[in-house]
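Close look at the chain arrangement
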Amino acid sequence: MRRPFRQYYYLVIILCSGILFYYALFIHNRALPNPDDSKVTLLHQQNSNYKELSRKLDSLEREIESQVQDSNGVLQRIKSKFGSNSSLAHKLIDKVKGARKKLDHLHHDFDDEPHLGEVHSGGEHVQGKLSHDEEDENGAHEVLEEQSRESVIAILVIVCNRPTVTRCLDKLLKYRSSPTKFPIILSQDCGHHPKTIEALRPYEDKLIHIFQPNMEEIQVEPAHSQFFGYYKISRHYGWALNQVFNHLNYSNLIIVEDDIEVAPDFFEYFSSTLPLLKEDPTLWCVSAWNDNGKENRIDLNAPELLYRTDFFPGLGWMLTKELFKELRPKWPPAY
């Protein structure tokens, strides 16, 4: 009768030993502090930094590719008109090559870095990697800022008391390809005109809305009283341009008045002509308006044709910060 009892006794001992072994192997070890936990935490934090850096690099790639495509289009038109040996063509070729080289360099640096999942032993290596990553991220920020200054074109909509400005805004928002590349600033004069303010309310999250603060009556000589409106417009334009260039710090700007409805290729046109404006110091501005743009005065079969003129067309025109620096000290009171 004692043999079955011994068998149960041995079975209980084996079960107890198994439980103790399981506790020692899994539960106890899990409770002990892991010296690599801080490394894992740092690596997880670094993974989020890599994702953010990767997202910014992808955005930069799209911006550079867009600029390269725009520059290639302009380059082909320059070659067809002036030949491939023109100095402007060579400058544009160098600009395209520089953009390509910058993009390839960023991809090469990013691809050579170890990513999350490549866990390395040794605290010194992990800490050194984090420091190196911070340098890479700072470098990417600098490149992004430089690219932003070069390619972003702000849109300045001049408005006073026309609620119908919404038609202008609807077309701008419909056709622009990127809010980052083409930010819209709406500058309003004439005080807080109630109907215009109400009409603009649905657009507040899609643009920057600024107000010309000087509502004082302008003193005009009696002989110029019929031109009173020009004095107000000049004051508004001068203030708004100063805000965009010197306070919001944009380098390129397109001015659009509140009664203009842009064409589908409006943004493509100005993106393509910006390199010309930057490279040729004899160009004052670029305009999308042609006062002589009638069927019998233009070549309908040459949509890429550009006209150079000494007459200022206005009505949707682009200028640079450098030009405004030249004009600001001699800004006219009226015209």
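Calculation notes
For every chain, the first residue of the written sequence is number 1, and numbering continues from 1 along that sequence. The model is predicted, so local features are restricted to residues of pLDDT at least 70 and side-chain atom pairs to those at 80 or more, both for listing and for counting; the totals for chains, interfaces and linings are taken over all residues. Only hydrogens and water are set aside; all other atoms, that is, all heavy atoms of the structure, feed into the side-chain values. Disulfides are defined as pairs of cysteine sulfur atoms found within 2.5 Å of each other. Numbering of helices and strands runs from the N terminus; a helix is a DSSP stretch of H or I covering at least four residues, while a strand is a stretch of E covering at least two. Relative accessible area decides the class of each residue, using a 1.4 Å probe on protein chains only: under 20% of the type maximum gives buried, over 50% gives exposed, and in between gives partly exposed. Pairing between two strands is assigned when DSSP locates at least 2 bridges connecting them. Here, two residues are considered to be in contact whenever any of their heavy atoms come within 4.5 Å of each other. Axis angles are defined between N-to-C directions and span 0 to 180 degrees, where every axis is a line fitted to C-alpha atoms and, for a helix, only to the segment in contact. Both cavities and pockets are sets of points on a 1 Å grid over the protein atoms alone; in a cavity a 1.4 Å probe fits but cannot get out, in a pocket the set is open with protein on both sides within 12 Å along at least five of seven lines, and lining residues sit with an atom within 4 Å of a point. Grid points are joined across faces, edges and corners, and a volume is the space filled by probe spheres set on the points. Helix span is expected to be 1.5 Å times the residue number reduced by one. The reported bend at a residue is simply the angle between two axes, fitted to the 7 residues ending at it and to the 7 residues beginning with it. Between rings of Phe, Tyr and Trp, where Trp is taken as its six-membered ring, a pair exists when centres lie within 6.5 Å; planes separated by under 30 degrees are stacked, by over 60 edge-to-face, and by other angles tilted.

Side note on the state of the cysteines
- Under the defined criterion, the tally for this structure stands at one disulfide.
- Each sulfur in the disulfide pair C160 and C190 lies 1.4 Å from the other. When the S-S torsion is -80°, as for the bridge of C160 with C190, the disulfide is left-handed. With C160 in the loop between β1 (154-159) and α5 (165-175) and C190 in the loop between β2 (184-188) and α6 (194-200), this residue pair connects regions lying 30 residues apart in the sequence.
- For C160, a relative accessible area of 22% translates into the label partly exposed.

A short note on the sheet that holds strand β3 (residues 208-211)
- Read across the open sheet, the six strands follow the order β3-β2-β1-β4-β6-β5; overall the sheet is mixed. Since the sheet does not close on itself, it has two edges, and those belong to β3 and β5 (286-287), each with one partner.
- For β5 and strand β6 (residues 317-320), the ladder comprises two bridges, and the chain directions are antiparallel. Considered in β6, the bridge of S287 is made with W317.
- Relative to β1, α5 is tilted by about 170°, and along the sheet it contacts β1, β2 and β4 (252-257).
- Docked against the sheet, helix α8 (residues 266-279) engages β1, β4, β5 and β6, running at close to 35° with respect to β6.

Some words on the layout of surface pockets
- Size it by volume and the second largest pocket reaches roughly 540 Å³.
- Lining of the second largest pocket is provided by 22 residues; of these, Y237, F312, W317, W331 and A334 occupy positions nearest its centre.
- In terms of residue count, helix α7 (residues 228-247) provides more of the lining of the second largest pocket than any other element does, five residues in total.

Looking at α8
- The terminal C-alpha atoms of α8 lie 21 Å apart, and with 14 residues this matches the ideal 20 Å at 1.5 Å per residue to within 8%.
- Where α8 bends most, at T273, the angle is about 30°, and the proline P275 comes one to four residues later.
- Summarising burial for α8: ten of the 14 residues are buried, a large majority.
- Every buried residue of α8 is listed here: F266, F267, F270, S271, S272, T273, L274, P275, L276 and L277.

Quick look at the packing of aromatic side chains
- Scanning all chains against the criterion turns up twelve aromatic pairs.
- When the ring of Y269 is compared with that of F270, the centres are 5.1 Å apart and the planes differ by 75°; the resulting orientation is edge-to-face.
- With centroids separated by 6.1 Å and ring planes inclined at 65°, the aromatic side chains of F324 and W331 adopt a geometry described as edge-to-face.
- F324 sits in the buried class, given a relative accessible area of 2%.
- A connected cluster of aromatic rings, assembled from ring pairs, spans F182, F266, F267, Y269 and F270.

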